[in-house]
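Listed below are the residues making up each chain.
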Amino acid sequence: MTHNVSERGFFGEFGGAYVPEMLYPNVRELQQQYRDIIESDEFSREFEQLLADFAGRPTPLFSAEKLSRRFGCEILLKREDLLHTGAHKINNTIGQILLAKRLGRSRIIAETGAGQHGVATATVCALMGLPCVVYMGELDMKRQALNVARMKLLGAEVRGVSSGSKTLKDATNEAMRDWIANPKDTHYIIGSVVGPHPFPDMVARFQSVISAELKEQCLERGAKKPSYIIACVGGGSNAMGAFYHFADDPAVRLIGVEAAGCGLTSGRSAATTALGRSGILHGSRTLFMQTDDGQVEEAHSISAGLDYPGIGPQHAYFHVTGRVLYVSVTDEEALRGAKLLAREQGIIPALESAHAVAYLEKREWRPDDRVVVVISGRGDKDMTTYIDAYGEAIAHEI
Ligand SMILES: *Cc1c(COP(=O)(O)O)cnc(C)c1O
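**Student:** Requested: an account of the pattern of salt bridges, with residues and values cited.
**Tutor:** Scanning all chains against the criterion turns up 24 salt bridges. Ionic pairing is found between Arg-70 and Glu-344, a salt bridge with its closest N-O pair at 3.7 Å. With Arg-70 in helix 3 (residues 65–71) and Glu-344 in helix 14 (residues 331–345), the pair connects residues that are 274 residues apart, well separated along the chain. Overall, Glu-344 belongs to the buried group, its relative accessible area being 18%. The partner of Glu-333 in a salt bridge is Lys-362, with the nearest N and O atoms 3.1 Å apart. One end of the pair, Glu-333, is in helix 14; the other, Lys-362, is in the loop between helix 15 (351–358) and strand 14 (370–375), with 29 residues separating them in the sequence.

Below, the structure written as structure tokens:
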């Protein structure tokens with residue numbers, strides 16, 4: 001595609017690899033080898049086989065008839081929620097563990113906020129027999145006790161991080177420190193299209209299986225392209241995967257939905273494109289929410305997966321070029337979206353995905369529009385939030 005990353009890892013002004021000198025050889029080796037490795041026939045075969053037999057691909061494209069009637073257009077749901085471990089994150093962790101093995105790495109580290117990426121990483125480490133250390137803020141460990149238990153059952157070591165706010169950004173700092181201390185034998189599996197080059201491009205390639213399938217499935221269904229593809233954006237990997245093979249086709253409009261949290265002006269949100277400025281975050285130049293003197297601001301969203309103060313550099317680029325429209329949806333709107341999908345179609349979505357669903361309410365659609373909504377994950381992990389939020393009202397009408 002014409003939006004490809006440059007030789008030095010940039011998408012326009014965004015991207016690059018701003019890493020400490022100690023890590024440079026490791027990152028450089030990744031940069032020099034990732035394309036050759038993942039484009040080899042042998043890698044493709046093993047990747048595709050595991051995506052099919054272990055993760056459960058292809059995922060269905062489901063025609064949501066009641067939602068279609070309600071919104072007066074054709075609505076199709078890309079069902080990443082049906083994948084093993086419950087979300088799209090497994091596409092990326094399978095790709096990265098295969099890469100790590102080919103690079104001769106013998107140890108895997110990761111960081112996790114809500115625990116979903118930690119679980120997806122622990123899962124592929126168990127599959128491949130590699131030791132796995134997952135860094136997690138101590139506050140997040142309390143909030144996500146079930147995912148901590150899943151990681152441990154899968155054989156991973158979960159290291160609690162007690163510095164700072166005891167959440168994702170502190171866990172990321174600890175993982176970085178570990179990588180710097182173990183630059184030779186360790187691969188750091190980053191969970192989204194963020195971090196230093198080549199991670200944003202590499203993770204996008206692994207997730208691009210979503211749009212490769214989508215393209216084929218739309219062809220099979222009356223040879224009609226999507227008019228719109230709507231996906232939620234935390235770091236932006238499910239969205240980038242769903243946009244990837246359509247990025248060069250201006251007839252397909254692309255919409256990224258960020259978390260507005262308590263509202264754009266509330267001081268408690270994660271709407272990076274609306275509120276962020278350019279700077280260096282987690283090894284690349286991108287847009288992120290920052291204070292006047294450039295410190296990272298805490299993000300807030302009811303969904304832990306969208307609770308990230310930045311976006312991947314390619315999304316920053318798509319925002320400034322206008323290729324993708326970025327919008328935001330509040331906590332409350334997302335909760336309504338989740339209930340709507342549950343009641344109308346029998347699917348309880350992850351709270352992240354509920355943001356994409358909620359956007360359907362926010363504009364007018366035309367009868368000939370074909371609208372694809374990416375359901376990035378399932379809602380099991382969010383049941384306590386749903387119970388707290390709906391309370392008694394869980395039994396009542398939307
Ligand atoms: C982690 C997560 C996200 C956000 O990550 P992206 O990289 O933006 O896709 C979205 N949905 C679900 C279900 C997740 O687990």
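Moving on from the model shown.
**Student:** Before we move on, can you summarise the packing of aromatic side chains with the specific residues and values?
**Tutor:** Considering all chains together, one arrives at nine aromatic pairs under this definition. Between Tyr-317 and Phe-318, the ring centres sit 5.9 Å apart and the planes meet at 40 degrees, which makes this aromatic pair tilted. Taking the centre distance of 5.8 Å and the plane angle of 10 degrees together, the rings of Tyr-386 and Tyr-390 count as stacked. Here Tyr-386 and its partner Tyr-390 are both found in helix 16 (residues 383–390), four residues apart, which amounts to about one turn of the helix. An identical accessibility class is assigned to Tyr-386 and Tyr-390; each is buried.

**Student:** So, the environment of Met-202: which residues are in play, and what are the values?
**Tutor:** By secondary structure assignment, the location of Met-202 is in helix 9 (residues 199–207). Assessed through its relative accessible area of 0%, Met-202 is described here as buried. When the C-alpha atoms of Met-202 and Gln-31 are compared, they prove to be 9.4 Å apart, with 171 residues separating the residues in sequence. Met-202 has contacts with Tyr-34, Gln-96 and Leu-99, leaving out every residue within four places of it along the chain.

**Student:** Summarise a nonpolar patch on the surface; cite the residues concerned and give the values.
**Tutor:** Taken together, the side chains of Ile-348, Met-383 and Ile-387 define a hydrophobic patch exposed on the protein surface, amounting to about 260 Å² of accessible area. Relative to the helices and strands, Ile-348 resides in the loop between helix 14 and helix 15.

**Student:** How would you summarise the site of the ligand if you had to cite specific residues and measurements?
**Tutor:** Neighbouring the ligand are 17 residues; Lys-89, Ser-192, Gly-234, Gly-236 and Ser-237 lie closest to it. Between an oxygen atom of the ligand and a main-chain N or O atom of Gly-234, the distance comes to 2.7 Å. Within the complex, the protein chains bury 97% of what would otherwise be the 380 Å² of accessible surface of the ligand. Residues of the shell around the ligand, tallied by class, amount to four nonpolar, eleven polar and two charged.

**Student:** With reference to specific residues and values, describe the nonpolar core.
**Tutor:** Within the largest apolar cluster, 87 residues are counted, with the highest numbers of intra-cluster contacts made by Ile-94, Leu-99 and Ile-229. Top element by residues in this core is helix 4 (residues 89–102). It accounts for six residues. The residues that make up this core include at least three from each of domain 1 (10–51 + 89–203) and domain 2 (55–86 + 205–397). Leaving out residues up to four positions away in the same chain, Ile-229 has contacts with Leu-214, Ala-242, Phe-243, Phe-246, Val-252, Arg-253, Leu-254, Ile-255, Val-372 and Val-374. Tyr-228, Ile-230, Val-327 and Leu-341 belong to the second-largest nonpolar core, a separate cluster that totals 31 residues.

**Student:** Account for the sheet that holds strand 14, with residues named and values stated.
**Tutor:** Spatially, 3-4-14-9-10-13 is the arrangement adopted by the six strands of the open sheet, whose pairing is mixed. With one partner strand each, in any of the chains shown, strand 3 (61–63) and strand 13 (324–330) form the two edges of the open sheet. Averaged over all neighbouring strand pairs, the angle between strand axes comes to 25 degrees, with direction disregarded. In this sheet, strand 14 lies alongside strand 9 (residues 228–232) in parallel orientation, the contact comprising three bridges. Opposite Ile-229, over in strand 14, you have Val-372 as the bridge partner.

**Student:** So what about the environment of Ser-211? Which residues, and what values?
**Tutor:** Assignment of secondary structure puts Ser-211 in helix 10 (residues 209–220). On the accessibility criterion, Ser-211 (0% relative accessible area) is buried. The spatial distance from the C-alpha of Ser-211 to the C-alpha of Leu-264 is 30 Å, given a sequence separation of 53 residues. One polar contact links the side chain of Ser-211 to the main-chain amide nitrogen of His-245, over a distance of 3.1 Å.

The rules we used
Sequence order sets the numbering: in each chain, residues are counted from 1 along the sequence as written. At least 70 in pLDDT is required for a residue's local features to be given in this predicted model, at least 80 for side-chain atom pairs to be given and counted, and no such filter applies to totals for whole chains, interfaces and linings, which use all residues. Note that the side-chain values use all heavy atoms of the structure and ignore hydrogens as well as water. Each salt bridge in this description consists of a side-chain nitrogen of Lys or Arg and a carboxyl oxygen of Asp or Glu lying within 4 Å of one another. Segments assigned H or I by DSSP are reported as helices when at least four residues long, segments assigned E as strands when at least two residues long, and all are numbered from the N terminus. Three exposure classes are used, based on accessible area relative to the maximum for each residue type with a 1.4 Å probe and protein chains only: buried under 20%, partly exposed in between, and exposed over 50%. Stacked, edge-to-face and tilted labels apply to pairs of Phe, Tyr and Trp rings (six-membered ring for Trp) whose centres lie within 6.5 Å, assigned for plane angles under 30 degrees, over 60, and everything in between, in that order. We call two residues in contact whenever any of their non-hydrogen atoms come within 4.5 Å of each other. Think of a patch as exposed residues, more than 30% relative accessible area, with no salt bridge, where like charges cluster within 9 Å and nonpolar side chains (Val, Leu, Ile, Met, Phe, Trp, Tyr) cluster within 5 Å. Exposure was quantified through the Shrake-Rupley algorithm and a 1.4 Å probe, taking into account, for residues, occlusion by the shown protein chains and nothing else. Note on definitions. A residue lies near a molecule or strand when any single heavy atom of the residue is within 4 Å of it. Polar contacts here mean pairs of N or O atoms no more than 3.5 Å apart (in protein, one a potential hydrogen donor and the other a potential acceptor; neighbouring residues in sequence count only if both atoms are side-chain atoms). Residue polarity follows a fixed list, in which Ala, Val, Leu, Ile, Met, Phe, Trp, Tyr, Cys and Pro are nonpolar, Asp, Glu, Lys and Arg are charged, and the others, Gly among them, are polar. In this description, a nonpolar core means a group of buried Ala, Val, Leu, Ile, Met, Phe, Trp, Tyr and Cys residues linked to one another through side-chain atoms lying within 4.5 Å. Domains are outlined according to an automatic or database domain assignment. Strands were regarded as paired on the criterion that DSSP finds at least two bridges between them. Lines fitted to the C-alpha atoms define the axes, with helices restricted to the stretch that makes contact. Angles between their N-to-C directions range from 0 to 180 degrees.

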